[in-house]
Structure formats: structure tokens, C-alpha cells
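Commentary on secondary and tertiary structure
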Amino acid sequence: MHGLSLKLFFQYLFQYPSLISTLLIAPCIGVVNQLSVPFVLKHLVNAIYQQNNLHHLIILFIFVWTISKLIIRLQVYYSAFQTPHLIALFRKKVIDYYLIQPTLINKTHQSMEIGKIANDLANTIERIWGLCVWNIIPNTLSFLIVLYQIAKINGTIMINLACYFFLQLILIGKAFSLIQKNASKHRASNMALLSTIHDTFKNPLNLIVYPSKSYFDDSIRGDQLHESMCRQQLIHTVNHLRLKVDCLGVMMLVINFFILLKHRVSFDLGEMTFIALTSISMIEILWQLGHCATELNKEIGLFQKLSKYLVSIPRFPTKNVGIKHGSVIVNNLSFAYPNQSDVFNNTSFEIPGDTVTLIRSESGYGKTTLLYLMLGLLKPQKGSIHVDDLSLSHLNPPQIRQLINVVPQHTQILNRSIMDNLMIAKPKASMKELLHSLSLAKCDQFISTLHSGIHTNANQLSGGQKQQLSIARAFLKQSPIWVIDEGLTGVDLKTYSSIMHNVVNRRPFKSLIIMSHHQRDSRFATKIVDLNDCN
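Summarised in this report is the structure supplied together with it. In this text, all values refer to a predicted model and were calculated from it rather than measured experimentally. (Residues numbered from 1 in each chain as written. Predicted model: local features only at pLDDT ≥ 70, side-chain atom pairs only at ≥ 80, totals over all residues. Heavy atoms only, no water.)

Re the overall build of the protein chain
Of regular secondary structure, the protein chain possesses 16 helices and 9 strands. Burial status across the protein chain gives 44% buried among its 535 residues. Contacts in the protein chain between residues far apart in sequence, at least 24 positions, make up 79% of those at least 6 positions apart. Accessible area of the protein chain: about 29,100 Å², with a carbon and sulfur share of 61%. (Helix = DSSP H or I, 4+ residues; strand = E, 2+ residues; numbered from the N terminus. Buried < 20%, exposed > 50% of the residue type's maximum accessible area, 1.4 Å probe, protein only. Contact = heavy atoms within 4.5 Å. Areas by Shrake-Rupley, 256 points an atom, 1.4 Å probe, with all protein chains shown as cover.)

Topic: the nonpolar core
Among the nonpolar cores identified, the biggest contains 56 residues, and Leu-86, Leu-121, Leu-161, Tyr-164, Leu-241, Met-282 and Leu-286 are the most heavily contacted of them. For this core, the secondary-structure elements that each account for two or more residues are helix H1 (2–13), helix H2 (17–49), helix H3 (55–99), helix H4 (110–153), helix H5 (155–201), helix H7 (213–262) and helix H8 (269–306). In terms of residue count, H4 provides more of this core than any other element does, 14 residues in total. Residues in contact with Leu-286, not counting those within four places in the same chain, are Phe-143, Leu-161, Tyr-164, Phe-165 and Gln-168. Core analysis: the second largest hydrophobic core is formed by 38 residues, Leu-422, Leu-461, Ala-472 and Ile-484 among them. (Core = buried A, V, L, I, M, F, W, Y, C linked by side-chain atoms within 4.5 Å.)

Focus: the packing of helix H12 (residues 431–440) against helix H14 (residues 463–476)
Following both chains from N to C, one finds H12 and H14 inclined at 130°, their axes separated by 8 Å at the closest point. For the element pair H12 / H14, the angle class is oblique. Regarding H12 and H14, the two cross each other, and that crossing is right-handed. Seen from H12, the contacting residues are Glu-433, Leu-434, Ser-437, Leu-438 and Leu-440; seen from H14, they are Leu-469, Ala-472, Phe-475 and Leu-476. Here the residues of the contact of H12 with H14 are counted per class, giving 7 nonpolar, 1 polar and 1 charged. (Axes fitted to C-alpha atoms, helices over the stretch in contact; angles between N-to-C directions. Parallel < 35°, antiparallel > 145°, perpendicular 65-115°, else oblique. Left-handed = near helix turned anticlockwise from the far one by under 90°. Nonpolar A, V, L, I, M, F, W, Y, C, P; charged D, E, K, R; others polar.)

Looking at the packing of H12 against helix H15 (residues 493–506)
Each pair of packed helices gets described by two things: the angle between the helix axes and the distance between those axes. Packing of H12 against H15 leaves a shortest axis separation of 9 Å and a crossing angle of 115°. Here His-436, Ser-439 and Leu-440 of H12 come into contact with H15, specifically with Ile-499, Asn-502 and Arg-506. Classifying every residue of the contact of H12 with H15 by side-chain character gives 2 nonpolar, 3 polar and 1 charged.

A short note on the sheet that holds strand E3 (residues 355–360)
The strand order across the open sheet formed by 5 strands is E6-E7-E8-E3-E9, and the pairing between neighbours is parallel. Taken across any chain shown, the strands that pair with only one partner, and hence form the sheet edges, are strand E6 (404–407) and strand E9 (527–530). Shown here is a sheet whose adjacent strand axes are inclined to one another by a mean of 20°, direction ignored. Each of E3, E6, strand E7 (481–485) and strand E8 (511–515) touches helix H9 (residues 367–375); the most contacted strand, E8, lies at about 145° to it. Where H14 meets the sheet, its contacts fall on E6 and E7, and the angle it forms with E6 comes to roughly 170°. (Pairing = 2+ DSSP bridges.)

Details of H15
Helix length check: H15 (14 residues) gives 20 Å between terminal C-alpha atoms against 20 Å at 1.5 Å per residue, within 8%. Buried-residue contacts for H15 involve E3, H12, H14, E7 and E8. Positive backbone phi, at 45°, marks Arg-507, one or two positions downstream of H15. (Expected span 1.5 Å × (residues − 1).)

Some points on the side chain of Thr-411
Looking at the element boundaries, Thr-411 is found in the loop between E6 and helix H11 (418–423). The buried category is assigned to Thr-411, whose relative accessible area is 17%. If near-sequence neighbours (up to four positions away) are discounted, Thr-411 is found in contact with Lys-466, Gln-467, Ser-470 and Arg-473.

As for the environment of Gln-232
Secondary-structure assignment places Gln-232 in helix H7. On the basis of relative accessible area, Gln-232 is assigned to the partly exposed category, the value being 46%. Along the chain, Gln-232 and His-186 lie 46 residues apart, while their C-alpha atoms are 9.1 Å from each other.

What about unusual backbone geometry?
Working note: non-glycine residues mostly have negative phi, and peptide bonds are mostly trans. Not every positive phi belongs to a glycine, and Asn-332 is a case in point at roughly 50°. As for its position among the elements, Asn-332 is in strand E1 (residues 328–336). The class for Asn-332 is partly exposed, based on a relative accessible area of 37%. Although it is not a glycine, Asn-346 sits at a positive phi angle of roughly 55°.

Details of the pairing of E7
Among the 5 residues in E7, 5 count as buried, and that is most of the element. Because side chains alternate across E7, one face comprises the buried residues Ile-481, Val-483 and Asp-485, and the other comprises Trp-482 and Ile-484, equally buried. Two strands pair when backbone bridges link them, and E6 and E7 are joined in this way by 4 bridges, in the parallel orientation. Bridging from a neighbouring strand, Val-406 pairs with Val-483 of E7. Direction of pairing for E7 relative to E8: parallel, over a ladder of 5 bridges. Each residue of the ladder has a partner; that of Trp-482, found in E8, is Leu-512. Following the chain from E7 across H15 to the adjacent parallel E8, one finds a crossover that is right-handed. (Right-handed = clockwise from strand over helix to strand, strands pointing away.)

In short, geometric facts, not functional conclusions.
In C-alpha cells form, the structure reads like this:
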């Protein structure tokens, strides 16, 4: 799995040449930036001591340092064009993965979960990239070059630096799990605090129901205290680790300076300057290297968990499901929600093709549950639902979406224009098709009164107008089975009758199922199924 994940990562990475060049060039430039000063000062001190000409050395240093800075800025500039594309590609992979998965309605907050997974994968890739290119690789190269240079001067100092690095790595590794635990606690407490604030202000009616300011203060005080405590624990843990590493660094410096003083006769002034500077700078470089190495280990572990979304997704057939009559057969259907009584118990009935069928029952007796079972959003404990001779359980999610047109009671509206919300059903629809579907759903009557017309934000519409927009979407989407689940309850009787006459008379379906408990729906039905009599 580990090899497969890395293979997939580099497979996508190699699609972006500027990122590959950044991977090769940026670490080298990072080494130049980190080590140019110690190396130049080494030769500069010797030149001053020996009274040699300094002009060439200073000009060379300024030239190399300037060019390295310019190159790294150019690399960041060009890679910035392709890094967002790479991250967007990984997000799309997660979305594509879930588009072909059966989505269960009783899985709470799945939309948030999918968004979080997509964002986590994108952020993980970005952090792995940043840690490797801008921290771990240049710091490792700098450390190895310094070790090599110091080994040529004095092997004991080189061994002391290497021991310091490995001891520091052990300290960080031991403390890392505690840091991560405290960081997770802080993130959870912060999210709880934000959630409390969001729940309080998400609906303006809350300010009417709970007008007292003391209520708001009391509701968030506990979350604020918990968040503050978690933040303090995280700061103390990191600070305690840094104190240990600093003490270790002081010991390393004392040993190095002791060796310098003891063997000062065998060192020239430039070598002593180089050892002193690199010993001090290595404390920070090795801290960053150890910290980034443990962070990278965590990110790679997360990437392993998320890499399943990068595996090639099988393409389902896009051809239309062959429906001849549009009959719906419910056979011995049994279903119950967890820890509740049965909604359906060996329920059976048949809806003939080319009919308008009213499925009625009292509120809470299974109409919407039946819809969810048809759509594959719930899984029955027993029994099956067929459309003609096709079992819905054998169809994949894209095929079910293609087969069934749903007008739900609670219309799903995006925070976009009326036209954008309409084109969800048919992205390549012409303006003539859009206006025709709006006319059939009687949306043209209220759209003509809107200042921006079809470009008005759909969230500004009333509940009934949103339901009419949902009907207009259904006219655009060509599906053989229509299901209207209390889909026009917010519309007045006159408008409702006009819309339903258009639906029934034009028959853009093979079967229309109306789920309702209202008497007005029965006059359009050619068949009535009472769920109370089927159980």
C-alpha cells in the first residue's frame, strides 16, 4: 500500500514540469541561503587576517546570494501556477470517488465528511510538498555538507554534531505523540466553540427566542474555558520539549567550544569562525529538521489512509437504463430504523406503467422512507424494489440518478442564480429550453417581477417558488420515473392545479408517483396506494 501511494503521488506530480524543477532546484538554493554566510565568513576572516584583497570575495558572495534569491522567487512564482491545479486534482478525485458510492441517508453529516476528506487530502499533499521541498531536503543537505566540512577539520566535533542530531530526534519523537494529542484536543475544543457560536447565530429567530445577553455569555463560557485550557496545554508541551532541546544544544556548544580552545593551535581563524557559526546555526536547523521529519511521518500516515481515493475509479456505463413500461414493483419489503418499530413489514404492491399513482398515508408512516429506499439512500432489511424487471439494488448510483426524477418536499437550492440552479438538471440546456421549463412550472409569473430576472439569487425566493423551480428542473431532466414527495405543498391551489395539469398532460415520464396526504392530489391520480393498507 505504501509503495502504491507513493507511485500514485509521483504519477500525478510528474504531470506538472514546473513542480519537478522546483523539487530539484529549491533544495539546492536553500542550502546556498543557509550556508553561504558561514563559508564566506570563513574565507573572509582568513583574508582579513592575511591582509589579502577582499573585493573579489565580497562581490562573489553578493552575486551568488542575489542569484539564489532571484531563482527561488522565480521557482515559487512558476510553481504557484501549478500547485493549486495539483491540489484541485486531488480534491476532484475524492468527489469522483463518492459520486459512484451508494450514499446512505442515515449516515449523519456525510456531506461535511466528504468535504473534510477532500480538504484533508489536498492539505496533506500541500504539507508533504512544503515539508520536503522547503524544509527537510535543504536542511538535510545543509547538515550533511556541514558534517563533511567539519569532518575535514576535526572528526570529534563532527561526531558531537551527529550525536546531538540523533539525541534531539529521539526527544522529539518521544514527545511528538503527546504534542499531537494536545493539538487534537485543542482543535476539537476550538471547533466546539465555533459550533456553539454558529448554532446561536445561524437563525435570527434564536435572538428572539433567547433575547437575554446572559444566555449567550453562559452558553459559550464553558467552551471558551475549555479551549483556553487546551491551548495552554499545547503551548506548555511544545515549550517543555524546546527547553530540553535547547539544553542539549547548550551541551553540544560547550563541547565544541571546549574542543576549539583545546586545539586552537591546529585551527586557523577562518576554521574556528566556521565551526562556531555552524554549531550555533545547526541548533535551529536540526530543530526544524527533527520537527519537520516527525510532521512528515504524520502526514505520510494520513496520506496512506486517504490514498484509496486516488486509485483509478471504474467508469460505469453512461447509456440509458432500458425502461419499457415504467412499472414499479415493491416485493415483501421490510425496513426499520435502528431501535425503532418497523416502517415496512413484508409490504408488497405494484404501480403499473404509464400511470399517475398517489401513495398516501398519514405523516410519519413511510412515504419519504419509501422514496429513500427507491433511491438507494436506505438499504432494506428484506425484500426488493423493481422497475420493470430491473432490481434497483443492482443498479449503480449514476444509473439510479438517471432513472428517477425527484421533486422533494424540501427543495435543495444552491446559493447561486435561478438559471444556475436550473442548469443543474441539464448543464448544456439552451436558453429556450430553460425558459420553456420555467413556463411549464409557472415560474415565469414571478420571475418577470424580479429586477434581475433569471439571474436573481435563488435563495431570495419563497418556499413555494423554490418548489416551482424544482418542478422546472424536473422538466429539464429526462427520466422515466417521476416522484413528487409533497413537492408542491407551499404553492397555492390555483398555481398547483396549473402546474399539475402541465405535468400530467405533457407526460414527460413513464410513471409519476405522488407521495402526499393532501386530498387535492387524488384528482390527478389514476391509481391510489394507501401505505396503511399495505403493511
